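What follows is the residue order along each chain.
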Amino acid sequence: MLHDALRFFPGGDRAVEVELGDGMDFTLNFTVHRLVAAIREAEIAAIEDIIPELASLQINYDPDRMSYEDLIREISAIYGRIGTTVSGSLPSRLVTMPISYFEEQTTACIEDYRKTYPDKRSDPDLLCELNGLEDRAALARRHAGTEYWVAALGFWPGLCSLLPLRPGSRITAPKYNPPRTWTPKGAVGIGGALCCIYPDRTPGGYQLIGRCPAPIYDGAQRLPAFRNSLALLRAGDRVRFRPVSVEECAWIDEEVAAGRYEHDIVEYQVFSVDHYLGWATAQGEKA
């Protein structure tokens, strides 16, 4: 999945796309984040922003301070210094998100779509069939049984692409075809091998399994977790889903509406990929 060398593509006159490989793979994504961290450490004055993605990153820069050719030479040199070995550590917050599985808002969204496309199977039942799970309870257990790596943010403010870290917890699914015209804010969906939380009421195509009443995007920055950013999550964070009852979900909705809700975030943790890969190998052997 990792290319032999970085591939560069101009993104207009102020950005460059840097492609490291292709695929939705944790080790490839971790290499993306290592490169992003190394570029930030280099403090190249012309660079204005760096946006990591699943297998690539975008660099926004000032062309009056550095040419495209000089920038890609600098990035290639940094990549040559850090190498492609998947090793090392990165700061990684742990964010616990409450989730209500198969709740009324996501159920209503699915049923609204099926009025136009009656052959579409209900999302949870389709996921159970495709992933060899006996029922919805087994689906919820598998989904909540792992931490997720925030591989990337994008497409909509705050929208996260999540990769499961526990071997055996992966859930895969095709996307809607055609996509939905609306999705509830906070809905949790599966598309391909990725999980996502919808930051707002938007169109969408991931198969829906529940809703997080705690927001991941707050344009008004009313809640404490959003004082420094409109988006809750950062690339390289980890997310844990905590199942909640209908009653607790309703209580969290009320706390959010009143501006009182406080997210469960552990700020001080560090993620060691060496320890993780050793653990994941042992887990895979047991599976």
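Residues numbered from 1 in each chain as written. Predicted model: local features only at pLDDT ≥ 70, side-chain atom pairs only at ≥ 80, totals over all residues. Heavy atoms only, no water.

## Some words on the overall build of the protein chain
Here's step 1: Across its full length, the protein chain carries 7 helices and 14 strands.
Here's step 2: A globule of 287 residues ought to have a C-alpha radius of gyration of about 19 Å, and the protein chain, at 20 Å, matches this closely.
Here's step 3: Counting across all 287 residues of the protein chain, residues that qualify as buried make up 51%.
Here's step 4: Contacts in the protein chain between residues far apart in sequence, at least 24 positions, make up 65% of those at least 6 positions apart.
Here's step 5: Taken as two groups, the 30 positive and 40 negative side-chain charges of the protein chain have centres that lie 3 Å from each other. (Helix = DSSP H or I, 4+ residues; strand = E, 2+ residues; numbered from the N terminus. Rg over C-alpha atoms; globule rule 2.2 N^0.38 Å. Buried < 20%, exposed > 50% of the residue type's maximum accessible area, 1.4 Å probe, protein only. Contact = heavy atoms within 4.5 Å. Lys, Arg positive; Asp, Glu negative; His and termini not counted. Charge placed at Lys NZ, Arg CZ, Asp CG, Glu CD.)

## What to know about the side chain of Arg93
Here's step 1: Its location among the elements puts Arg93 in the loop between β5 (89-91) and β6 (94-101).
Here's step 2: According to the relative accessible area criterion, Arg93 is buried, its value standing at 6%.

## Quick word on the packing of helix α1 (residues 26-42) against helix α2 (residues 68-82)
Here's step 1: Remark: α1 packs on α2, axes separated minimally by 10 Å, with the N-to-C direction vectors making an angle of 115°. Crossing angle aside, the handedness with which α1 passes α2 is right-handed. Of the residues in α2, those touching α1 at Thr31, Arg34, Leu35, Ala38, Ile39 and Ala42 are Ile75, Ile78, Tyr79 and Ile82.
Here's step 2: Classifying every residue of the contact of α1 with α2 gives 8 nonpolar, 1 polar and 1 charged. (Axes fitted to C-alpha atoms, helices over the stretch in contact; angles between N-to-C directions. Left-handed = near helix turned anticlockwise from the far one by under 90°. Nonpolar A, V, L, I, M, F, W, Y, C, P; charged D, E, K, R; others polar.)

## A short note on the nonpolar core
Here's step 1: By size, the foremost hydrophobic cluster in this structure holds 33 residues, and its most contacted members are Met97, Leu162, Val188, Ile197, Leu233, Val239 and Phe241.
Here's step 2: At 4 residues, the largest contribution of residues to this core is made by β6.
Here's step 3: Val188 has contacts with Ile99, His143, Cys195, Cys196, Ile197, Gln207, Leu208, Ile209, Gly210, Arg211, Cys212 and Phe241, leaving out every residue within four places of it along the chain.
Here's step 4: Ranked by size, the runner-up nonpolar core spans 26 residues in total, among them Leu28, Ile50, Leu57 and Leu71. (Core = buried A, V, L, I, M, F, W, Y, C linked by side-chain atoms within 4.5 Å.)

## Structural notes on the sheet that holds strand β3 (residues 47-52)
Here's step 1: The antiparallel open sheet is built from 4 strands, whose spatial order is β1-β2-β4-β3. At either end of the open sheet lies a strand with only one pairing partner, and these are β1 (2-10) and β3. Adjacent strand axes in the sheet meet at a mean angle of 15° when their direction is disregarded.
Here's step 2: Pairing analysis gives 5 bridges linking β3 to strand β4 (residues 56-61), with the strands arranged antiparallel. Within β4, the position partnered with Ile50 by the bridge is Ile59.
Here's step 3: Strands in contact with α2 are β1, β2 (15-21), β3 and β4; relative to β1, the strand with the most contacts, it is inclined by about 160°. (Pairing = 2+ DSSP bridges.)

## A short note on the pattern of salt bridges
Here's step 1: On inspection of all chains with the given rule, the structure shows 15 salt bridges.
Here's step 2: Between Asp70 and Arg73 there is a salt bridge whose closest N-O contact spans 2.2 Å. Taken together, the positions of Asp70 and Arg73, both in helix α2 and 3 residues apart, correspond to about one turn of that helix.
Here's step 3: With a relative accessible area of 34%, Asp70 lands in the partly exposed category.
Here's step 4: Given the relative accessible area of 51%, Arg73 is considered exposed.
Here's step 5: Sharing partners across several salt bridges, the network here consists of Arg93, Asp237 and Glu267. (Salt bridge = Lys/Arg side-chain N within 4 Å of Asp/Glu carboxyl O.)

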